[in-house]
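Report on the structure
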Amino acid sequence: MKKFLPLLILSLICLSVFGQKKSSPALRADMLIRQMTLDEKIGQLNQYTSDRNATGKITADGDKANQVRQGKVGSMLNVVGAEETRKLQELAMQSRLKIPMIFGLDVIHGFRTTFPVPLAETATWDVALMEKSARIAATEAAAYGIHWTFAPMVDVARDPRWGRVMEGAGEDTYLGSLVAKARVNGFQGNGLGNTDAVMACAKHFAAYGAAVGGRDYNSVDMSLRQLNETYLPPFKAAAEANVATFMNSFNDINGIPATANKYIQRDLLKNQWNYKGFVVSDWGSIGEMVAHGYAKNGYEAAMKAIIAGSDMDMESRCYRDHLKQLVLDKKVDISIINDAVKRILIKKFELGLFEDPYRFCNIEREKQQTDNVANREVAREIGKKSIVLLKNEKLSNGKTLLPLSKQTKRVALIGPLFKATTANHGFWSVAFPDDTARIVSQYQGIKNQLDKNSEILYSKGCNINDTDTSGFEAAIATAKAADVVILSLGEAADMSGEAKSRSSLQLPGVQEELMKEIYKTGKPIVLLLNTGRPLIFNWAADNIPAILYTWWLGTEAGNSIADVVFGDYNPAGKLPMSFPRTEGQIPIYYNHYSTGRPAKDENDKNYVSAYIDLQNSPRFPFGYGLSYTKFNISNLKLSANELAINGGKLTVTVDVENAGDYDGEEVVQLYVRDLFGCVVRPVKELKGFKKLFLKKGETQSVSFTLTATDLKFYNDEVKLINEAGDYELFVGNSSDAHLKTKCKLTL
Ligand code: BGC
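Residues take numbers from 1 onward in each chain, read along the sequence in its written order. Where totals are concerned, whole chains, interfaces and linings use all residues; where local detail is concerned, this predicted model gives features only for residues with pLDDT of at least 70, and gives and counts side-chain atom pairs only at 80 or more. Values shown for side chains rest on all heavy atoms present in the structure; no hydrogens or waters enter the calculation.

Moving on, we get to the site of the ligand. Taken together, 13 residues lie around the ligand, and Thr55, Asp106, Arg164, His204 and Asp282 are the ones closest in. Two N or O atoms form a polar contact when they lie within 3.5 Å of each other; inside protein one atom must be a possible hydrogen donor and the other a possible acceptor, and for residues adjacent in sequence the pair counts only when both atoms belong to side chains. Measuring from an oxygen atom of the ligand, one finds a side-chain N or O atom of Asp106 at 2.5 Å. A distance of 2.6 Å is found between an oxygen atom of the ligand and a side-chain nitrogen or oxygen belonging to Asp282. In this description, accessible areas are obtained by the Shrake-Rupley approach with a 1.4 Å probe, and a residue is regarded as covered only by the protein chains that are shown. Bound to the protein, the ligand loses 100% of the 310 Å² it would expose on its own. When at least one non-hydrogen atom of a residue lies within 4 Å of a molecule or strand, that residue is treated as near it.

What follows is the structure, given as structure tokens:
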């Protein structure tokens, strides 16, 4: 035995050294926490911004560098670049326990390469593409020292007055859940620990999109059933996709600010969903509970937030200033602090920062991603697929105006968006706001593709948002001299986004007036609408023959738009939100309830649920979008008329025919209506969709599997249940789908 003793000791040493290295992030976090002082623990829960991209008040509080050196800062946001992040990380490495910081940034729709804003991307109904753009954004950001993006925003939004609709996936819970998962997968790639993967962040938890009146930061009041059924599933989908972090929201929910909402953060997220990541507050939202009238002061705000489950304090300083006293006063148990610290440390271990705190600070990698041509190609592809063709009427010659011939002799480009660059970037392109030289303007995009023997005539006409009409005359003359006019109108990049709620959704400034003047010339007009939200443009919808909704498409905007205008790509985008006729219809969404007095049709005003001065229907419905070709959907069949509650399923099949003159893509959509329930059910709910490509003249059969689980809903006790009964199924190419059949869910 004596002979083996040294060997045994050596093996034990090896085990403890290598075992520690290999042991799980959770164990390593526990070991580290045992060595930490209370001050060091609180430091991990503290996040500061740099001086850029402020979306709230920045507290000037002396020497941040020193605080980092003392281990009082666990994370920073808005620090960009391998060099800049390295410098700060070096300071963190001077702290007693050498705990690295995490660098976070709003990488919302691209980083060096700007992609279409998320709402526009959702119009592709192509989740693989959305995953791809998030993958690219993560790769570029990670090469610039970023560990963490505050995305995806997965707030369901039914109110286009709310400026942040541009940042999410629109109004539908089912589509929004698929998009949430795709974006999380894209950002986190093959998993934390890879140097091209960043932590994603599901935000804003929760119901931020339901702010009363569409006014940003406003209150939310809704039943728990509605919250669970409509607003929470995309968060659940993100949690199931292993999203590394959550961010809470500015609003109160039923009287309790989300930041201190224990039901949402601790009971639901951390306990019921068993979520192991951490929750960061929104910017200053802990301190803002004083303004909410929910905490008397920072001390109380910190107490309520940490107990409710907010782990990291973004910018409010309440944790830094009060947590220690709260523990000493026995108002906050140390186990709560330890749990928050552990969740954050685990992510630092998973990111590999303890092995190498500078692994994301690599100048070479940064250079490779500075202007990545392949990434731009993907942006162009997603750009063209995000465009929605709203109208393409036949002219007197029996032909539609779009696609335009590249040989058109004289093309007038009129409007304030043609030569704009920043506007194409959209609101959340924060990493390089001044780097606009790489953006392909719409003018340039059209020029790139128009035949060399053709001529471009240009006139700005007016600005985006003022009352100056002095440019009208020149614009009218330009239109008169042309064979066709393309008008590019819309919002500036800072008109849809955070704190950019609008009470009017009309075209800003004098743009509509300009359009009417150009229309009077009698020239055929193609209208491009560039924006981050559904706008209201009834006059244009009634009078202009061809309308493309071109959103804000990012770096390659001009090329993507030209691809569609000239028909190199046949548009297939579908609206991710209902487009209202007037602001008075808002909130408007396709999956509303029937009411006890549903109107028979648009003209029925006889003591029914209707407006006496307006139709109920939207101007353009959710899921709508045209193509240069024509698709017929027919022959709806079910594999059976019944499916059993216990694991039953059936197949829904339709035939899709491309009956027009172009090859093209169509998004076939399946909707369900539960006819009677223990709670009232929506008139339609999206349950599946497929995007397919058909050559002209081709017919394909498309099938969907519908399971009993797909038919579950929340009852009035907020339990997810199945209920036997009758269902209607609809298939079509928008939420206005009329092809229908019935089935039964049986016991
Ligand atoms: C926004 C968040 C964002 C944060 C950091 C806040 O104002 O609501 O979505 O991630 O700022 O920029």
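What follows concerns the side chain of Gln188. With respect to the helices and strands, Gln188 occurs in helix α8 (residues 173-188). Polar side-chain contacts of Gln188 include one of 3.0 Å to the backbone nitrogen of Ala200. It only takes one pair of heavy atoms within 4.5 Å for two residues to be counted as in contact. Sequence-distant contacts of Gln188, that is, excluding residues within four places in its chain, are made with Arg135, Ala197, Val198, Met199, Ala200, Ala241, Asn242, Val243 and Ala244. Only DSSP runs of H or I reaching four residues or more are called helices, and only runs of E reaching two or more are called strands; each is numbered from the N terminus.

If you look at soluble globular proteins, the nonpolar side chains tend to sit buried side by side. Residues Phe246, Ile486, Ile518, Phe537, Trp551 and Val565 are the most contacted members of the largest nonpolar core, which totals 169 residues. The element best represented in this core is helix α15 (residues 334-350), accounting for 7 residues. Domain start and end points were adopted from an automatic or database domain assignment. If you count residues domain by domain, this core takes at least three from each of domain 1 (1-103 + 333-370) and domain 2 (387-585). The residues contacting Phe246, other than those within four sequence positions of it, are Cys201, Ala202, Phe205, Phe235, Ala239, Leu269, Trp273, Tyr275, Phe278, Val279 and Val280. Counting residues in hydrophobic clusters, the runner-up holds 25 residues, among them Leu650, Val654, Leu694 and Leu729. Think of a nonpolar core as a cluster: buried Ala, Val, Leu, Ile, Met, Phe, Trp, Tyr and Cys residues, connected wherever their side-chain atoms sit within 4.5 Å. Relative accessibility decides the category of a residue: with a 1.4 Å probe and only protein chains considered, values under 20% of the type maximum give buried, values over 50% give exposed, and everything between is partly exposed.

On to empty space enclosed by the protein, then. Points on a 1 Å grid over protein atoms alone make up a cavity when a 1.4 Å probe fits among them but cannot get out, and a pocket when they form an open set with protein on both sides within 12 Å along at least five of seven lines; lining residues each have an atom within 4 Å of a point. Grid points are joined across faces, edges and corners, and a volume is the space filled by probe spheres set on the points. Summed over all chains, the structure comprises 8 cavities of 30 Å³ or more. If you add up the space inside the largest cavity, you get close to 100 Å³. If you go around the largest cavity, you meet 14 residues; those closest to its centre are Thr55, Asp106, Asp282, Trp428 and Glu498. Note on residue categories: nonpolar means Ala, Val, Leu, Ile, Met, Phe, Trp, Tyr, Cys or Pro, charged means Asp, Glu, Lys or Arg, and polar means any other residue, Gly included. Along the lines of polarity and charge, the residues of the lining of the largest cavity split into 7 nonpolar, 2 polar and 5 charged.

Listed in full, the buried residues belonging to helix α10 (residues 233-240) are Pro234, Phe235, Ala237, Ala238 and Ala239. Among the structural elements, α8, β5 (201-205), α9 (224-231) and β6 (245-248) are those in contact with the buried residues of α10. Remark: Asn242 follows α10 within two positions and exhibits a positive phi of approximately 75°.

Attention now goes to the pairing of strand β16 (residues 546-549). On β16, burial covers both faces: Ala546 and Leu548 on one face and Ile547 and Tyr549 on the other are all buried. A pair of strands counts as paired when DSSP detects no fewer than two bridges linking them. The sheet contact formed by strand β11 (residues 388-392) and β16 spans 4 bridges and is antiparallel. Directly across from Leu389, in β16, lies its bridge partner Leu548. Direction of pairing for strand β15 (residues 525-530) relative to β16: parallel, over a ladder of 4 bridges. Note that in β16 the partner of Leu528 across the bridge is Leu548. Taking the sense of rotation as the criterion, the β-α-β connection linking β15, helix α22 (residues 538-543) and β16 turns out right-handed. Place the viewer so that the strands point away; then a crossover is right-handed whenever the path from the first strand over the helix to the second strand goes clockwise.

Trans peptide bonds make up most of the peptide bonds, and negative phi angles are found at most residues other than glycine. Cis geometry is found at the peptide bond from Lys203 to His204, where omega equals 0°. Locating His204 in the fold gives a position in strand β5. One non-glycine residue, Trp125, adopts positive backbone phi at about 50°. Among the structural elements, Trp125 can be located in the loop between α6 (118-122) and α7 (127-143).

Bringing the domain arrangement of the chain into the picture now. On domain assignment, one finds that the chain holds domain 1 (1-103 + 333-370), domain 2 (387-585) and domain 3 (631-746). When each unit is reduced to the centre of its C-alpha atoms, the spacing between domain 1 and domain 2 is 48 Å. Counting from both sides, the interface comprises 5 residues of domain 1 and, opposite them, 6 residues of domain 2. For the pair domain 1 and domain 2, the summed buried area comes to about 370 Å², and 48% of that belongs to carbon and sulfur atoms. Looking at the side of domain 1 facing domain 2, the largest losses of area belong to Asn53, Thr55 and Val80, adding up to 69% of the total buried there. For this document, the term salt bridge refers to a Lys or Arg side-chain nitrogen within 4 Å of an Asp or Glu carboxyl oxygen. The interface formed by domain 1 and domain 2 contains 0 salt bridges. Throughout, buried area stands for the accessible area (probe radius 1.4 Å) lost by two parts on being put together, summed over both.

The next point concerns helix α23 (residues 557-565). Counting buried residues in α23 gives 9 out of 9 residues, a clear majority hidden from the surface. Those residues of α23 not exposed but buried are Ala557, Gly558, Asn559, Ser560, Ile561, Ala562, Asp563, Val564 and Val565. The inward-facing, buried residues of α23 abut α17 (373-386), α18 (422-425), α19 (442-449), β14 (484-490), β15 and β16. Phi for Gly567, located one or two positions after α23, is positive at around 80°.

Take the packing of aromatic side chains next. The geometry of an aromatic ring pair is captured by two quantities: the separation of the ring centres and the angle between the planes. Only the six-membered ring of Trp is used, alongside the rings of Phe and Tyr, when aromatic pairs are assigned; centres must lie within 6.5 Å, and planes under 30 degrees apart are stacked while those over 60 apart are edge-to-face, with the rest tilted. Under the criterion given, the structure shown has 30 aromatic pairs. For the ring pair Phe205 and Phe246, a centre distance of 4.9 Å and an interplane angle of 80° mean the geometry is edge-to-face. One end of the pair, Phe205, is in strand β5; the other, Phe246, is in strand β6, and 41 residues separate them in sequence. Side by side, Phe205 and Phe246 carry an identical accessibility label, which is buried. When the ring of Phe537 is compared with that of Phe620, the centres are 5.9 Å apart and the planes differ by 20°; the resulting orientation is stacked. Residue Phe537 is located in the loop between β15 and α22, and its partner Phe620 is located in the loop between α23 and β17 (631-638); the two are separated by 83 residues in the primary sequence. Under the relative-accessibility criterion, Phe620 is labelled buried at 7%. Pairwise contacts between aromatic rings join Trp125, Tyr174, Tyr590, Phe622, Tyr671 and Phe689 into one cluster. One Lys or Arg, Lys419, reaches over the ring of Tyr458 and ends 4.3 Å from the middle of that ring. Only lysine NZ and arginine CZ atoms are considered, and such an atom sits over a ring when it is within 6 Å of the ring centre and within 35 degrees of the ring normal.

Throughout, an axis means a line fitted to C-alpha atoms (over the contacting stretch in the case of helices), and angles, computed between N-to-C directions, take values from 0 to 180 degrees. Here α9 crosses α10 at 55°, and the two axes come no closer than 5 Å. The angle between α9 and α10 places the two elements in the oblique class. For the pair α9 and α10, the contacting residues are Leu227, Asn228, Glu229, Thr230 and Tyr231 in the first and Pro233, Pro234 and Phe235 in the second. Residue composition of the contact of α9 with α10, grouped by class: 5 nonpolar, 2 polar and 1 charged. Should an angle lie under 35 degrees it is considered roughly parallel, over 145 roughly antiparallel, and from 65 to 115 roughly perpendicular; all remaining angles are considered oblique.

Spatially, 3 strands are ordered β5-β6-β9 in an open sheet, and the strand pairing comes out parallel. In this open sheet, the two strands that pair with only one neighbour each are β5 and β9 (278-280). Pairs of neighbouring strands in the sheet enclose a mean axial angle of 25°, with direction left out of account. The sheet contact formed by β5 and β6 spans 3 bridges and is parallel. Bridging across to β6, Ala202 finds its partner in Phe246.

Bringing the side chain of Lys384 into the picture now. For Lys384, the location among the structural elements is in helix α17. Leave out the neighbours within four places in its chain, and Lys384 touches Ser560, Asp563, Val564 and Tyr569.

Moving on, we get to the pattern of salt bridges. One side chain can pair with another of opposite charge once the charged atoms of both are near each other. On inspection of all chains with the given rule, the structure shows 48 salt bridges. Across the pair Glu229 and Arg681 runs a salt bridge, and its minimum N-O distance is 3.0 Å. Of the two residues, Glu229 sits in helix α9 while Arg681 sits in the loop between β20 (664-674) and β21 (685-694), which places them 452 residues apart along the sequence. On the basis of relative accessibility, which here comes to 13%, the residue Glu229 falls in the buried class. It is possible to trace a salt-bridge network through shared partners that takes in Arg112, Asp371, Arg376, Asp435, Arg438 and Glu556.

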